Amino acid sequence: MTTLTGRPHTALLIVDVQNGSVSRAHNRNGVIANINTLLDKARAERVPVVWVQHSDDEHLLRDTEDWQIVPELDPRESEPLVHKRYSDSFESTDLEQRLAELGVGRLVVTGAQTDMCIRATLHGAMVRGYDATLVADAHTTEDLTEWGAPAPEQVIAHTNLYWADEHAPGRRGGTVATKEVTFD
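(A) How the structure looks around the pattern of salt bridges. This structure, assessed with the given rule, holds 10 salt bridges. Taking the shortest distance from any N to any O, the salt bridge between Glu72 and Arg28 comes out at 2.8 Å. Taken together, the positions of Glu72 in the loop between strand 2 (49-54) and strand 3 (81-84) and Arg28 in helix 2 (residues 28-44) put the pair 44 residues apart, joining distant regions of the chain.

(B) Expanded view of the pairing of strand 5 (residues 131-140). Burial analysis of strand 5 places eight of its 10 residues in the buried class, which makes it a mostly covered element. As defined by bridge partners, strand 4 (residues 104-112) adjoins strand 5 across six bridges and the pair is classed as parallel. Directly across from Arg106, in strand 5, lies its bridge partner Asp131. In the classification by handedness, the crossover that spans strand 4, the intervening helix 4 (residues 114-127) and the parallel strand 5 is right-handed. Pairing between strand 5 and strand 8 (residues 175-176): two bridges, direction parallel.

(C) Representation of the layout of surface pockets. Approximately 550 Å³ is the volume attributed to the largest pocket. If you trace the largest pocket, you find 19 residues lining it, with Gly20, His59, Gln113, Met116 and Glu142 closest to the centre. Its residues placed into classes, the lining of the largest pocket shows six nonpolar, seven polar and six charged. Taken as a whole, the second largest pocket encloses approximately 150 Å³ of empty space. Taken together, the residues of the lining of the second largest pocket sort by class into five nonpolar, two polar and three charged.

The rules behind these values
- Residues numbered from 1 in each chain as written.
- Predicted model: local features only at pLDDT ≥ 70, side-chain atom pairs only at ≥ 80, totals over all residues.
- Heavy atoms only, no water.
- Salt bridge = Lys/Arg side-chain N within 4 Å of Asp/Glu carboxyl O.
- Helix = DSSP H or I, 4+ residues; strand = E, 2+ residues; numbered from the N terminus.
- Buried < 20%, exposed > 50% of the residue type's maximum accessible area, 1.4 Å probe, protein only.
- Pairing = 2+ DSSP bridges.
- Right-handed = clockwise from strand over helix to strand, strands pointing away.
- 1 Å grid on protein atoms, 1.4 Å probe; cavity = no way out; pocket = protein on both sides within 12 Å on 5 of 7 lines; lining within 4 Å.
- Points joined across faces, edges and corners; volume = space filled by probe spheres on them.
- Nonpolar A, V, L, I, M, F, W, Y, C, P; charged D, E, K, R; others polar.

Following this line, the structure appears as structure tokens:
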């Protein structure tokens, strides 16, 4: 359904699952296990896997331990790795070019942080013409209640709720559980 012509393929997008971004995340181990399940499925079905890795000057300094992808996940050399500095994984990166080369018009989105980079990337994908499916149990965030945010489980539930019906002309969002993900 994507508005991007000649883009029949789907990709698994793994956003910012880095030591520093998930060290205090809600249900960290469960989310990473679900991402691994999706990763195995995508690789078995020869679906492109695209990794996104954030860096900034305050929390995720490039080439530090916090910046590294978590050890439970294993990016392959053949899988594109996109480096970003903004919440939206498309902003000032080569993500669009890499997806175009792979003929991707639909994204299955996982990762961290739900209320920042996941939301921004979902919206960034939709406005650029992609279909974007959020995996309901494969994204997470940390507890930011001391700054007035809802509890992490509420942030995740709310994001799942509103993205479930997200759509635009010729594009669709949607939310599914890991066990319901299809890449066709």
